Amino acid sequence: MFCRYCGKEMQEGQEYCGHCGRKNTPGQQKKQSPLLIIACVVCVVILGIAAAVSVFLAGKKFLGKTEKTSEEKRAESTVVEEEEYLAGVACVINGDKKYGFINKDGEEVIPPRYDLIGEFQENGLAKVSQKIEGADGESDYYWGCINKKGEEIIPIKYEFIGLFQNGLAEAEINAGKDNDGDSRTLSGYINEKGEEVIPLVYDSVGKFGENGLAVIGEQVGEDADGYRILKYGFINRQGKEVIPVQYDSIYGFAENSLCPVAKESGKDADGDAEYTWGFINEKGEEVIPLQYDDVRTFSENGLVAVAKKTGIDQNQEAEYKWGFIDETGREVIPLIYDDVRDFDTGSLAPIARKTGKYVDGDPEYEWGYVNEEGQEIVSFQYGKAEGFAENGLAAVGKKTGETASGDLEYTWGFINEKGEEEIPMQYDEVGFFYENGLVSVARKLGEDEDGDAVYAWGCIDSTGRKIVPLQYEDVYLSHSDDWILAEMEAGQDEYDFTFYEYEYFDTNGKSVLKLPAKYIDADPFEKIS
């Protein structure tokens, strides 16, 4: 699942207006006059004779080739659609929550029988999990993979399976207990047939990148709290170590073949490790020395955010100044900002400075935007600012108050790269724009008994036009399909499971599929091969 608040510090998952928006219904067709009908019939006859002559001549020219009937074409099209788009659903069976998959007709093509599932990937495989009792009598979730027919391709025996990338996925097995009696796991890689092509002997692994390299970690000890201390390096697709295990923290390689790496430089007041960061190339050469206290990964424009520690705030938390460097290590935008976000797909990056105020113990920021030359294009005026999407719009928010539970509230809208307001500041929560040009938005209805905000969600396009009315408890978008999923609570059963009414809409806001109120969970459709 992908995060709906692009750039916000949230788990994957989609956490995300009012009572407006209207679904247009097609008007009734006008009754046609008899003369018009006769004229149409004559035209059809003439066109039919012409078509017959064309077919006869085409048949002579392309002898032996037959054209499929319209019925055959429609049937073939339907089959392709059902095979290429599937969505996960869950219902209650004998008091237990079970997951399966439906097609775009709402048919359960893979019946709910799994305890957990992941979405289908482009290679036609989906992760599925069942709770299995181990030799020690304890139950745990184990993972495998199925194809779109529901056939088990990779046995359900792994503690974890990652996403397939370039034909390989991380896999993790239970390796018994450590000295403290805690479960210990070992990791390696499997291919799409379930073959363990790189042995499961590592304490930690990451995804393989386009350059054929993957992060691996080896345990070198334990800290005072009993947590594993790991050192990191890289292996290639043959399992050969190409960059030695030597770094204390590490990210993956960016498209420019540079990777952030770090070594421990000390401990903070709480005893947590502090790091010094730099960048290496695919040969393991340190092309930008380890000199920064924090870094991000390179953006497509060849710039990366870096920071140096400047002190400690009133909460005894480290304070940093952020800026941007290029691939040679040259400082392009000075390290003068209290926080920044990446350039993402646009030519502007969000930048922040502290206001000097603290809200609920955390420092308050004002946000603006800087371009690639370091010019501040949008002044510091927002309480929140996100990166620009591919359509040239970015979500910005201004603080409006607090909830009873102490959470800050904002009014959100969208600006273009000139800082002009394209979609007015009118929403109480927003998501991020997907590839189809749609974004989820919400308006606050009130607060629950715990003082947390309650929202009504809908969906708009890049012009601000409402596609799905803002009246649902949640709205979900897909990265590979245009259908929009909306949910509304429908009640509870005897097991205290909450049921929902799930409805799918197309990009014009037309309802295309409504599921029966028996499901307690549903996902957007994903395209598979």
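A brief report on the enclosed structure follows. Everything quoted here is computed from the prediction, not taken from an experiment.

Inspection of the sheet shows strand 28 (residues 384-385) paired to strand 29 (residues 394-402) by two bridges, in the antiparallel sense. What sits directly across from Lys384, in strand 29, is Gly397. Pairing geometry for strand 29 and strand 30 (residues 408-415), over eight bridges, is antiparallel. Within the sheet, the bridge partner assigned to Lys398 lies in strand 30 and is Thr411.

To continue, consider the pattern of salt bridges. For the coordinates displayed, the defined rule picks out 18 salt bridges. Several salt bridges converge on common partners, so that one network encompasses Arg184, Asp203 and Arg228.

Spatially, four strands are ordered 28-29-30-31 in an open sheet, and the strand pairing comes out antiparallel. Here the strands that pair on one side only, and so sit at the sheet edges, are strand 28 and strand 31 (421-427).

With that settled, the discussion passes to the sheet that holds strand 34 (residues 453-461). Note on sheets: strands pair through backbone hydrogen bonds, and any given pair is parallel or antiparallel. Taken together, four strands build an open sheet; the order of strands is 32-33-34-35 and the sheet is antiparallel. On the outer flanks of this sheet lie strand 32 (429-430) and strand 35 (466-472), each paired with one strand and no other. Bridge count for strand 34 against strand 35 is three bridges, and the pairing is antiparallel. Each bridged residue has a counterpart across the sheet, and for Trp457 the counterpart in strand 35 is Tyr472.

Before going further, it helps to examine unusual backbone geometry. With a phi angle near 55°, Asn94 is a residue other than glycine that sits in the positive phi range. Under the relative-accessibility criterion, Asn94 is labelled exposed at 72%. With a phi close to 70°, Ser257 is a non-glycine residue in the positive phi region. Mapped onto the secondary structure, Ser257 falls in the loop between strand 16 (249-250) and strand 17 (259-267). What makes Ser257 partly exposed here is its relative accessible area of 25%.

Here we come to the environment of Val439. Mapped onto the elements of the fold, Val439 is located in strand 33 (residues 438-447). The exposure class of Val439 is buried, given its relative accessible area of 0%. Here the alpha-carbon distance between Val439 and Gly458, two residues 19 residues apart in the chain, equals 8.6 Å. Residues contacting Val439, with those up to four places away along its chain left out, are Phe414, Gly431, Phe432, Phe433, Gly458, Cys459, Ile460 and Leu477.

This part covers the packing of aromatic side chains. Using the criterion set out here, one finds 19 aromatic pairs in the structure. On the numbers, 6.4 Å between centres and 40° between planes, the contact of Tyr337 with Phe380 is tilted. Taken as a pair, Tyr337 in strand 23 (residues 331-337) and Phe380 in strand 27 (residues 376-382) lie far apart in primary sequence, 43 residues in all. When its relative accessible area of 4% is taken as the criterion, Tyr337 is described as buried. Lying over the aromatic face of Trp483, Lys104 brings its terminal NZ or CZ to 4.1 Å of the ring centre. One Lys or Arg, Arg237, reaches over the ring of Phe208 and ends 5.8 Å from the middle of that ring.

Procedures and definitions
Residues numbered from 1 in each chain as written. Predicted model: local features only at pLDDT ≥ 70, side-chain atom pairs only at ≥ 80, totals over all residues. Heavy atoms only, no water. Pairing = 2+ DSSP bridges. Helix = DSSP H or I, 4+ residues; strand = E, 2+ residues; numbered from the N terminus. Salt bridge = Lys/Arg side-chain N within 4 Å of Asp/Glu carboxyl O. Buried < 20%, exposed > 50% of the residue type's maximum accessible area, 1.4 Å probe, protein only. Contact = heavy atoms within 4.5 Å. Phe/Tyr/Trp six-rings, centres within 6.5 Å; stacked < 30°, edge-to-face > 60°. Lys NZ or Arg CZ within 6 Å of the ring centre and 35° of its normal.

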